[in-house]
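Fold and contact review
So you can see what is in the structure, the chains are spelled out below.
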Amino acid sequence: MRTLIQGGWVVGYQHGHHALLRDGVVVYEGGRILHVGPTFAGQVDRTVDAAGKLVVPGFVNLHSVANIDIQTLTLDCSEIGFAASRASAVEGGDPIELSGERLRASARFSLLQTLKAGSTTIVESTTMAPSRFEVSRQEVPALVEAAQELGARLYVSHKFRAGKRYLDADGAWKIHWDVAAGRAGLAYGKEIVRRYEGAQQDRIRTMLFPYQFDTCTPELLAEVKAAGRELNTAIHMHTSQTLAEFHECLNRTGRTPVQLLEQIGFLDQQTILTHLLYTTLHPASGFPVQDDSDLRIVADHGTTVVHCPVVYARRDRILDSFARYRSRGVNVVLGTDTYPQDMIEEMRWASLGCKWQDRDASHGSAAEVFNAATLDGARALNRDDIGRLAPGAKADIVIIDFTRQHIGPVDDPIKTLVYVANGTDVETVIVDGRVVIEQGRAPGINETTLVAEAAAAHLWQAEQFVKHHPSGKSTQTLFPSSYPRVPQ
Ligand SMILES: [Zn+2]
């Protein structure tokens, strides 16, 4: 079936960059885009009227915590409070891990939320229970099943590490190391790649995911890289998320995390470093502020950095800065991390955070953050068939309703998108030529039931967390509420 979408504004891809086509059209057939331009002379089977609306390529979301997690409980807590909340609850046990129906609800809920706000390609990164060396082996199958039902384009990976943090009886931070457990996780991660790569008409792709730089030994990471080369698969990893992680690496090895990764041959175009907040260029690093050597290394190897501004702004920090990383040649892309899984909000925060950080209103422009959410995200995945509306590309298309009252007059649709709109303005989402969100809802999904199931899973997890926390503290102490609760 051949479908024509009559914009509004269409963000088409021409001559190597996006262009704004006023009253443009997009035509797709099956899973591919046939034509993008001012008009279309051929026959079509169906026409979608998107007058007054914005038609864009689906967003490429490089880091989405695709499960119910408890980060929202830690809002307004200091870093200490946040870190303590993540402490290993019970050595060896896994009291807060979701399984069975709760896990299924978690996967469906999270993927649906991410899709509804316009992400069509999602690199999932579920949270690991603090007491585990690997994420539950039920996780990836649950996500693949949810992607099948909802129609998302999903990159899955099995998370593993060789160390896990915990608070000992004296309240000191320790890492419990078990390299064999890390290796077992890697072996299963490779199995996941072999099992799922290319599944669901190639909407499912895979990666390797050593979970955190600081809980993987250099030897394990070298083995991961070798496995990545053997399988020709990308690797993503949380890296340099805290100043403590940065300095701990420097003290232990004499190298920054980036320098160490370069030394073991980990960095190339198939490597995606998530967050990378602390480098030699960061003012708090102790290096002279003009030392951009870490970023030069990252750029020289063609390695990508994933920026998730909302989650870190909530924790009092932001990439320093989006524009400075880009100016050193780093491919900076965007991810939603946790709730509300809204790529439009991430674009807005990437832009505003950058302007604030650099004290320059011209930095972090709407065009730059939109590129990060589309073309640059595709580049991170070594793909030229997503993140753009062009003949031959995947029919991954999003329609955003600009006729709503809060949007106001539209001078430049990309600026309106980035500075005014949000994920609830997404009206239609098409993945691989299939309409997966229509009028803001997923056809055939009972959202009321799903939201209730997700809330129940979240509540169960939060209760388990408090019950098993080594401090023995109450919910109110661990996660203080904004105002007194009545009744308590
Ligand atoms: Zn993350």
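A brief structural summary. (Residues numbered from 1 in each chain as written. Predicted model: local features only at pLDDT ≥ 70, side-chain atom pairs only at ≥ 80, totals over all residues. Heavy atoms only, no water.)

**Notes on the coordination of the zinc ion**
With distances of 2.2 to 2.6 Å, the protein atoms coordinating the zinc ion are His63 (NE2), His238 (NE2), His275 (NE2) and Asp337 (OD). All donors of the zinc ion belong to a single chain; written as a sequence motif, their spacing is H-x174-H-x36-H-x61-D. Here Asp337 lies in the loop between strand S17 (331-334) and helix H12 (343-358) and His238 lies in strand S14 (residues 235-239), a separation of 99 residues in the sequence. On the accessibility criterion, Asp337 (4% relative accessible area) is buried. (Donors = N, O, S within 2.8 Å, 3.2 Å for Na, K, Ca; no water. Helix = DSSP H or I, 4+ residues; strand = E, 2+ residues; numbered from the N terminus. Buried < 20%, exposed > 50% of the residue type's maximum accessible area, 1.4 Å probe, protein only.)

**Observations regarding the environment of Ile297**
Looking at where Ile297 falls in the secondary structure, it is placed in helix H9 (residues 293-300). Between the alpha carbons of Ile297 and Ile437 there is a distance of 41 Å; along the sequence they are 140 residues apart. The contacts of Ile297, once residues within four sequence positions are left out, are Val258, Gln259, Glu262 and Leu267. (Contact = heavy atoms within 4.5 Å.)

**Regarding the pairing of strand S6 (residues 59-64)**
Across the 6 residues that make up S6, a large majority, 6, are buried. Direction of pairing for S6 relative to strand S7 (residues 119-124): parallel, over a ladder of 4 bridges. Bridging across to S7, Ser64 finds its partner in Glu124. (Pairing = 2+ DSSP bridges.)

**Section: the side chain of Lys53**
In this structure, Lys53 sits in strand S5 (residues 46-57). Looking at Lys53, the relative accessible area reads 13%, which means it is buried.

**A look at the layout of surface pockets**
Estimates place the volume of the second largest pocket at around 320 Å³. Along the wall of the second largest pocket there are 13 residues; nearest its centre are Gln476, Phe479, Pro480, Ser481 and Arg485. Partitioning the lining of the second largest pocket into residue classes produces 6 nonpolar, 6 polar and 1 charged. (1 Å grid on protein atoms, 1.4 Å probe; cavity = no way out; pocket = protein on both sides within 12 Å on 5 of 7 lines; lining within 4 Å. Points joined across faces, edges and corners; volume = space filled by probe spheres on them. Nonpolar A, V, L, I, M, F, W, Y, C, P; charged D, E, K, R; others polar.)

**A short note on the sheet that holds S7**
Spatially, the 4 strands line up as an open sheet ordered S6-S7-S8-S12, and their pairing is parallel. The sheet is open, and its two borders are formed by S6 and strand S12 (204-206), each paired with just one other strand. Taking the axes of each pair of neighbouring strands and ignoring which way they run, one obtains an average angle of 20° across the sheet. Pairing between strand S8 (residues 153-156) and S12: 3 bridges, direction parallel. Following the sheet pairing, Tyr155 is matched in S12 by Arg205. (Axes fitted to C-alpha atoms, helices over the stretch in contact; angles between N-to-C directions.)

**A word on the packing of helix H2 (residues 100-116) against helix H16 (residues 447-468)**
Contact pair H2 / H16: the axes reach a minimum separation of 9 Å and the direction vectors enclose 120°. The pairing of H2 with H16 is recorded here as oblique in orientation. With respect to the hand of their crossing, H2 and H16 are arranged in left-handed fashion. Between H2 and H16, the contacting residues are Arg102, Ala105, Arg108, Phe109, Leu112 and Lys116 on the first element and Glu447, Leu450, Val451, Glu453, Ala454, Ala457 and Trp460 on the second. Considered class by class, the residues forming the contact of H2 with H16 number 8 nonpolar, no polar and 5 charged. (Parallel < 35°, antiparallel > 145°, perpendicular 65-115°, else oblique. Left-handed = near helix turned anticlockwise from the far one by under 90°.)

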